[in-house]
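Report on the structure
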Amino acid sequence: SDDPQGDDGLMAYFGLPQAHEASAQQSLRAALDILTRMEALALQVRIGIATGPVVVKDGQPVGVAVHLAARLQAAARPGSVLVSQTTRQIVREGFAFHAQARPLLLKGIENPGPVYELAGDAGADALAVGQPAQSPFVGRDAEMRTLQDHWLAVCRDGGRALLVSGEAGIGKSRLVREFRQSLAARQQRSLELRCTPEHANSAFYPVIALLRRLLALPDGHSDGQCHARIEAALRGKSDIAEAPALVAALLSLAPAPQQPRLRHSPERQRQLTQEVLAGWIAREAAAAPICLVVEDLHWIDPSSRDFLARLLLAAHAWPLLVLATQRSDSGPRPRPDFIGHEVELGGLAPAAARSLVLGACGDAALPTDIVGLLAERADGVPLFIEESARMALDLQAQAPLRPLRPPRLGLEVPASIHDLLMARIDRVGPAKRMAQLGATLGREFSLALVLAVAEQSPALLGAADAQAQLAALVASGLLLQRRDGGALVYLFKHALVREVAYFSLLERDRRALHRTVALVLGQRFAAQADAEPESLARHFTEAGLVGEAVEHWGRAARVAVARSAHPEAIAHLSKALELLAALPAGAERDRSELRLQLMLAGQLIATQGYGADQVGRVYARARALCGEVGDDAALKKIHLGLEGYHFMRADFAKAHEIVLQAARLAAQSADPMPRLQAAWATANILFHQGELVAAVARMDHCLADYDALAQRPGAMQDPGVMCLCYSAWGRWELGFPDDALLRAHRVVALAESLQHKFSLGEAHGFAAAVHHFRGESAQALDAAARAIEICRDGGFAVWLAHAKVMHGRALVELGEVEAGVDEMRLAYGMWVATGAVVTRPFYLALRAEGLARAGRPGEGLDLLELGLALVQRHGERYYEAELRRLSGELALQAGQMAGTDRRDEAETWFAGALALAQRQQLHSLALRSAT
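Below or above, wherever it landed, is the structure these notes cover. What you see is a predicted model, and the numbers here were worked out from it, not measured in a lab.

1. Re the overall build of the chain
Helix and strand counts for the chain come out as 41 helices and 14 strands. Going through the 931 residues of the chain one by one, you find that 56% of them count as buried. Here the contacts in the chain between residues at least 6 apart in sequence split such that 70% fall between residues at least 24 apart.

As structure tokens, this is what we get:
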């Protein structure tokens, strides 16, 4: 009936209070039995069946499946059974159905999906199944040979990366484990990075965990002992004097008294740390081959991913195999650039599936027909095979006198992996609560932490002994146990086991458990909480403690920023802002949001560029918040940020209006940096509008003030670096190529002294432009390549695009015309993708020159026409004379290729370019046009 508790109908629940195997099949057989018995009494009933998660709260069922079953019952004709799509998918071919011709409109159910009428029992049982803790390794000979072949190639030729991909439960980790055991049998070394979903945005988390294992640093060691182990491990393994201090900082250890304090910018410290670690492992590999396993690459944090790329560069000549596993069934994931080879695992062949069933049974025996059924229905997925075999053995042990046959097995063994694992967890009895506690902590957890949480909340586990429950879970095969450094650690056998255990908790209980975990972490594991604030933030979030969660997500973002881990910082800030929206409105919330929005803007500028749409939205929101709370210091930053956004969109009038507001605010401040930034921004607008004489003069004045500063606080765009970059370019256009080169050298030196990766990427990119203008193509290529390396490592999208354009243009000059043209085309797309409109005419001009060299002047003329249209629309005129001159050059070339005379057209372009360059006093451009 519509009312599960109504008097005109009954509601039955399959799987309460314990998950029953194959509940869907049981419900359908019960329905058919009811119809048969009612017919014998000359009565007709209507039945509806739906499958889904249901929570029983205070004796009352809660869940969509309850309402769907009731609506299906109401819609069924007398003497029939209507079944939901989910139920039909689970039972598969075990029953016969008739699809409903027309979609049913069910009250309160927006999209019920297809509905089927049950026609009868098809005489077959449906199940899908799993994998045991100690099962034989079968059916993977070809894949194992592939891994061995790659290992031999690495030992012979040097480093490479190999990806093992496949769906959950297909045996990726088992294949890798067997391969590692084969290496161990030959005394060859393997290491492991373990990635987890709860640490997907924790910078360097698997790297830090590996370091702690390598250095044997369990909890409880003093910082002095830890420093001694680091010093010993790095002896002879790094040429960087600060290597021990850098590793200690990554491990969140207090500086050792004898070590010099690190005074690098976050970007430089991150770069040096990666160099130390990559060099360390590379030298270990040089001494003896190493296999570095990366488990669950789909959960790796961006910083660790960057580290792997750097490691493969460092060890390209040494025997290092990076062997990664990645799930292929959890959404599209692009393969990382450093992965050169891939092995995709499919299901086991039927013969191998049967062997696995038999091997999983051990000394026990299952009937031949049961073995065949399990192998047939598992689709070759080892996890299903193993777990269903274990389930069948349990059933046989419970009723040894009753022969186990397929009809009965179909009622007992689940038809989906979720149901199967839920039933397996239910079967461990009291230890189920420990599984739920462990799942709340994460994919893996330490004995110390789980005991502390159990002690804090004794009602959680009742009178049961926590360690006995853990032992029961290990014996059941649901948990694995190992030692990390000396600490006992437990790991869920498979991520799916952890997910099922976690979501089997009521939401109320999950929240309470997360609250307890957060309390224990903060009070008794303070060092871990300080090193991994995102873990504490996650527990506060799931506990519903929004204020504390926002605070710790912000702290996690600051830790990520300090490590120059921009993508992770963005993820943490986005989570904090999402939660903040749930807090009551007021000045305190607005101030918190303002701080977070400004942090987010800085990270987005570094990774996406000033012109990105999201940057504009963030600054607009921050300005609105400033109006509410009246924060003048924040308003200065916002004005400069908005100026940069509108400048990158080539809206020079709006950018100039905003920078004047910023200059007025800066004039009232004792801090000289805002004044310098406003001065630089004004000069930059003049530069792009083609007023290079005035722009360079302003930049030189700004540089004099900058040089007089006693200290230079860090800024994403350092005004000294920016003034030197653009004045070097400007001095070449004004006719002073030697001074331009001196400034290009000076800006690289300045960026090096600042140890600021963002500035260094800019500096090398502008040096490449100056070398190109001077006709020094080899030097331009080198400078562009260095800029690409820095910007790719730092994730600086804007300057990476610029560097790749310059690299492609240098390739053209050096004879690699098609490669250079293609690189410029792709880089132009990258620039546009950042939202940047400014500088497009310049890049179009470079591409047009490349197309002319490739004998495609017609395509080049199209680009020049687009570039000139952008010049007219936005007033970006510093390179307009060159676009006009090139239009004449390509018109001549196109005419010669077509056999037509376009000399008059070309002369008109040249004369216009010369007159414009002379008016602008751009003598280098005038000389080109005159020539």
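2. Re the sheet that holds strand 11 (residues 341-344)
Pairing in this open sheet of 5 strands is parallel, and the strands run 8-9-10-7-11 from one edge to the other. Two strands close off the open sheet at either side, each with one partner strand: strand 8 (189-194) and strand 11. Each strand axis lies, on average, 20 degrees off the axis of its neighbour in the sheet, ignoring direction. In the sheet, strand 7 (residues 160-166) pairs with strand 11 via 4 bridges, with the strands oriented parallel. Residue pairing across strands places valine 164 opposite valine 343, the latter belonging to strand 11.

3. Some points on the packing of helix 25 (residues 587-608) against helix 26 (residues 613-629)
The geometry of helix 25 relative to helix 26 is characterised by a closest axis approach of 9 Å and an angle of 155 degrees between their N-to-C directions. Considering the angle they form, helix 25 stands roughly antiparallel to helix 26. Every pair of crossing elements has a handedness; the one defined by helix 25 and helix 26 is left-handed. Here Ala587, Asp590, Arg591, Glu593, Leu594, Gln597, Leu598, Leu600, Ala601, Leu604, Ile605 and Gln608 of helix 25 lie close against helix 26, whose contacting residues are Gln614, Val615, Val618, Tyr619, Arg621, Ala622, Leu625, Cys626, Glu628 and Val629.

4. Considering unusual backbone geometry
Located in the positive-phi region is phenylalanine 204, a residue other than glycine, with phi close to 65 degrees. As for its position among the elements, phenylalanine 204 is in the loop between strand 8 and helix 6 (205-214). Its relative accessible area of 3% is what places phenylalanine 204 among the buried residues.

5. Points about the pairing of strand 14 (residues 487-492)
Taking burial as the measure, the 6 residues of strand 14 include 5 buried ones, the bulk of the element. Note that strand 12 (residues 444-446) and strand 14 share 3 bridges and pair antiparallel. Residue pairing across strands places glutamate 444 opposite leucine 491, the latter belonging to strand 14.

6. Notes on the packing of aromatic side chains
Under the criterion given, the structure shown has 24 aromatic pairs. For the ring pair phenylalanine 647 and phenylalanine 652, a centre distance of 5.8 Å and an interplane angle of 50 degrees mean the geometry is tilted. Take phenylalanine 647: its relative accessible area is 6%, and that puts it in the buried class. Residue phenylalanine 652 is classed as buried on the basis of its relative accessible area of 2%. Their ring planes at 80 degrees and their centres at 5.1 Å tell us that tryptophan 831 and tyrosine 843 sit as a pair that is edge-to-face. Here the residue tryptophan 831 occupies a position in helix 36 (residues 817-833), and tyrosine 843 occupies one in helix 37 (residues 840-853), the gap between them amounting to 12 residues. Grouping residues by exposure puts tryptophan 831 and tyrosine 843 together as buried. Sitting over the face of the ring of tyrosine 116, arginine 88 holds its NZ or CZ atom 5.1 Å from the ring centroid. Over the face of the ring belonging to phenylalanine 736 we find arginine 731, whose NZ or CZ atom lies 3.9 Å from the ring centre.

7. Some details on the side chain of histidine 514
Of note, histidine 514 is situated in helix 20 (residues 507-524). Look past the residues within four positions of histidine 514 in its chain and what remains in contact with it is Thr440, Tyr502, Arg538, His539, Glu542 and Ala543.

8. Examining helix 5 (residues 172-185)
With 14 residues, helix 5 extends 20 Å between its outermost C-alpha atoms, agreeing within 8% with the 20 Å of an ideal straight helix rising 1.5 Å per residue. Regarding helix 5, the residues found buried are Lys172, Arg174, Leu175, Val176, Glu178, Phe179, Ser182 and Leu183. Tucked into the core, helix 5 has its buried residues touching helix 4 (141-157), strand 7, strand 9 (290-295) and strand 10 (320-327). Positive phi shows up at glutamine 187, right after helix 5, with a value of about 60 degrees.

9. Remarks on the nonpolar core
Residues Phe179, Leu323, Leu594, Tyr726 and Phe842 are the most contacted members of the largest nonpolar core, which totals 189 residues. Beyond its immediate sequence surroundings of up to four residues, leucine 594 is in contact with Ala622, Leu625, Cys626, Val629, Asp631, Ala634 and Ile638. Among the nonpolar cores identified, the runner-up in size contains 51 residues, and Leu277, Val294, Ile300 and Phe338 belong to it.

10. Here's the deal with helix 16 (residues 431-441)
Along helix 16, 9 of the 11 residues are buried, which leaves the element largely enclosed by surrounding structure. Within helix 16, the full set of buried residues consists of Ala431, Met434, Ala435, Gln436, Leu437, Gly438, Ala439, Thr440 and Leu441.

11. Re the sheet that holds strand 14
Two orientations exist for strands paired in a sheet by backbone hydrogen bonds: parallel and antiparallel. With antiparallel pairing, the 3 strands of this open sheet are ordered in space as 12-14-13. Either end of the sheet is taken by a strand with one partner, and the two such strands are strand 12 and strand 13 (479-484). Sheet twist, expressed as the mean angle between neighbouring strand axes with direction ignored, is 25 degrees. Sheet analysis places strand 13 next to strand 14, joined by 6 bridges and oriented antiparallel. If you follow leucine 480 over to strand 14, its bridge partner there is leucine 491.

12. Remarks on the pattern of salt bridges
Following the criterion strictly, the structure yields 45 salt bridges and no others. In this structure, glutamate 444 and arginine 194 form a salt bridge, with 3.2 Å as the shortest nitrogen-oxygen distance. Pair noted here: glutamate 444 is in strand 12 and arginine 194 is in strand 8, with a separation of 250 residues, a long-range link. For glutamate 444, a relative accessible area of 17% translates into the label buried. Residue arginine 194 is classed as buried on the basis of its relative accessible area, which comes to 9%. For arginine 310, the salt bridge identified is with glutamate 275, shortest N-O distance 3.9 Å. In this pair, arginine 310 is assigned in helix 10 (residues 302-314) and glutamate 275 in helix 9 (residues 266-287), connecting sequence segments 35 residues apart. It is possible to trace a salt-bridge network through shared partners that takes in Arg180, Glu192, Arg194 and Glu444.

Procedures and definitions
- Residues numbered from 1 in each chain as written.
- Predicted model: local features only at pLDDT ≥ 70, side-chain atom pairs only at ≥ 80, totals over all residues.
- Heavy atoms only, no water.
- Helix = DSSP H or I, 4+ residues; strand = E, 2+ residues; numbered from the N terminus.
- Buried < 20%, exposed > 50% of the residue type's maximum accessible area, 1.4 Å probe, protein only.
- Contact = heavy atoms within 4.5 Å.
- Pairing = 2+ DSSP bridges.
- Axes fitted to C-alpha atoms, helices over the stretch in contact; angles between N-to-C directions.
- Parallel < 35°, antiparallel > 145°, perpendicular 65-115°, else oblique.
- Left-handed = near helix turned anticlockwise from the far one by under 90°.
- Phe/Tyr/Trp six-rings, centres within 6.5 Å; stacked < 30°, edge-to-face > 60°.
- Lys NZ or Arg CZ within 6 Å of the ring centre and 35° of its normal.
- Expected span 1.5 Å × (residues − 1).
- Core = buried A, V, L, I, M, F, W, Y, C linked by side-chain atoms within 4.5 Å.
- Salt bridge = Lys/Arg side-chain N within 4 Å of Asp/Glu carboxyl O.

Honestly, that's just the spatial picture; any functional story needs more than this.
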